[in-house]
Amino acid sequence: MLFQVEMDVNVPIGFDQDEFNRLKTAEKKLSQDLQEKGVWRHIWRVVGQYANVSIFDVEDNAELHDVLMGLPLYPFMDVRVTALCRHPSSIRDNDR
Ligand SMILES: O=C(O)CC1=CCC(=O)O1
């Protein structure tokens, strides 16, 4: 199942910078592991914002929920999820 996930990151003023950098490093590692596995299909930066638009490919809603809850930066995120399905005009076989 494919989902578009929009993530806005909001760092509280005064939050410890070293701790935040540690969380960002962990987030990058997990994101890249999930990209290698094909779970996190795409990630784009939203220009001018500390935000991304991503595409996830997971078995079901519960898997997406667990992935998002497990993100190191999740406590700092506003997350919006949109379910996607194959467009009848798509030429990509792996869009489903
Ligand atoms: O910087 C972001 O948009 C948050 C994030 C998601 C994966 C990652 O490495 O950073």
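Numbering of residues starts from 1 in every chain and runs along the sequence as written. At least 70 in pLDDT is required for a residue's local features to be given in this predicted model, at least 80 for side-chain atom pairs to be given and counted, and no such filter applies to totals for whole chains, interfaces and linings, which use all residues. For the side-chain quantities, the full set of heavy atoms in the structure was used; hydrogens and water were omitted.

Q: Sorry if this is basic, but what is going on with the sheet that holds strand E4 (residues 77–84) here?
A: Pairing within the open sheet is antiparallel, and its 4 strands lie in the order E2-E3-E1-E4. Looking at strand neighbours, the two that pair on one side only are strand E2 (40–45) and E4, the edges of this open sheet. Going across the sheet, the axis of each strand differs from the next one's by a mean of 15°, ignoring polarity. One bridge is not enough; two strands pair if DSSP finds at least two bridges between them. Where helices and strands are cited, they refer to DSSP runs of H or I of at least four residues and of E of at least two residues respectively, numbered from the N terminus. Axes here refer to lines fitted to C-alpha atoms; in helices the fit is confined to the stretch in contact. Angles between the N-to-C directions go from 0 to 180 degrees.

Q: Any chance you could explain the nonpolar core here in plain terms?
A: Here, nonpolar core refers to any group of buried Ala, Val, Leu, Ile, Met, Phe, Trp, Tyr and Cys residues whose side-chain atoms link them within 4.5 Å. Here the term buried applies to any residue with accessible area under 20% of the maximum for its type, exposed to any over 50%, and partly exposed to those in between, with areas from a 1.4 Å probe on protein chains only. In this structure, Val5, Met7, Phe56, Leu64 and Leu68 are the most contacted members of the largest nonpolar core, which totals 18 residues. Residue assignment for this core shows that the elements contributing at least two residues are strand E1 (2–9), helix H1 (17–36) and helix H2 (61–69). Of the residues forming this core, the biggest block, 4 residues, is contributed by E1. In this view, Leu68 contacts Val5, Met7, Phe56, Tyr74, Val79 and Val81; residues no more than four positions away in its chain are not counted. Here, two residues are considered to be in contact whenever any of their heavy atoms come within 4.5 Å of each other.

Q: Teacher, can you tell me more about the pairing of E2 here?
A: Residues in a regular strand point their side chains to alternate faces of the sheet. Judged from the 5 bridges that link them, E2 and strand E3 (residues 51–57) form a sheet pairing that is antiparallel. Paired with Ile43 across the strands is Ser54, a residue of E3. Linking E2 to E3, which pair antiparallel, is a turn of 5 residues; within it Gly48 sits at a positive phi near 80°.

Q: Could you clarify how one ought to interpret the environment of Phe3 in this entry?
A: Its location among the elements puts Phe3 in strand E1. Relative accessible area serves as the criterion here: at 5%, Phe3 is assigned to the buried category. Between the alpha carbons of Phe3 and Val58 there is a distance of 8.1 Å; along the sequence they are 55 residues apart. When residues no more than four places from it in sequence are discounted, the contact partners of Phe3 are Ser54, Ile55, Phe56, Val58, Asn61, Leu64, Val81, Thr82, Ala83 and Leu84.

Q: Looking at this structure, I do not really get the side chain of Asn52. What am I missing?
A: You can see Asn52 is positioned in strand E3. For this analysis, a polar contact is any N or O atom pair within 3.5 Å, provided that within protein one partner can donate a hydrogen and the other can accept it, and provided that sequence-adjacent residues contribute only side-chain to side-chain pairs. At a separation of 2.7 Å, a polar atom in the side chain of Asn52 contacts the side chain of Ser54. Not counting residues up to four positions away in its chain, the partners in contact with Asn52 are Val5, Glu6, Met7, Ile43, Trp44, Arg45 and Val46.

Q: Explain the site of the ligand to me, please; I cannot follow it from the model alone.
A: Residues in contact with the ligand, as listed here, are Val9, Glu27, Lys28, Ser31, Trp40, Ile43, Arg45, Tyr50 and Asn52. Within the side chain of Arg45, an N or O atom sits 2.7 Å from an oxygen atom of the ligand. Measuring from an oxygen atom of the ligand, one finds a side-chain N or O atom of Asn52 at 2.8 Å. Judged by its atoms lying within 2 Å of the grid points, the ligand is housed in the largest pocket. Sorting the residues of the shell around the ligand by element identifies H1 and E2 as the ones contributing at least two each. In terms of residue class, the shell around the ligand is made up of 4 nonpolar, 2 polar and 3 charged. Being near a molecule or strand, for a residue, means having at least one of its heavy atoms within 4 Å of it. Any residue with an atom within 4 Å of a point lines the site, the site being either a cavity, points on a 1 Å grid over the protein atoms alone where a 1.4 Å probe fits but cannot get out, or a pocket, an open set with protein on both sides within 12 Å along at least 5 of 7 lines. Being in a pocket or cavity means that more than half of the molecule's atoms lie within 2 Å of its grid points. In this count, Pro and Cys sit with the nonpolar residues alongside Ala, Val, Leu, Ile, Met, Phe, Trp and Tyr, while Asp, Glu, Lys and Arg are called charged and the others, Gly among them, polar.

Keep in mind these values describe shape, not function.
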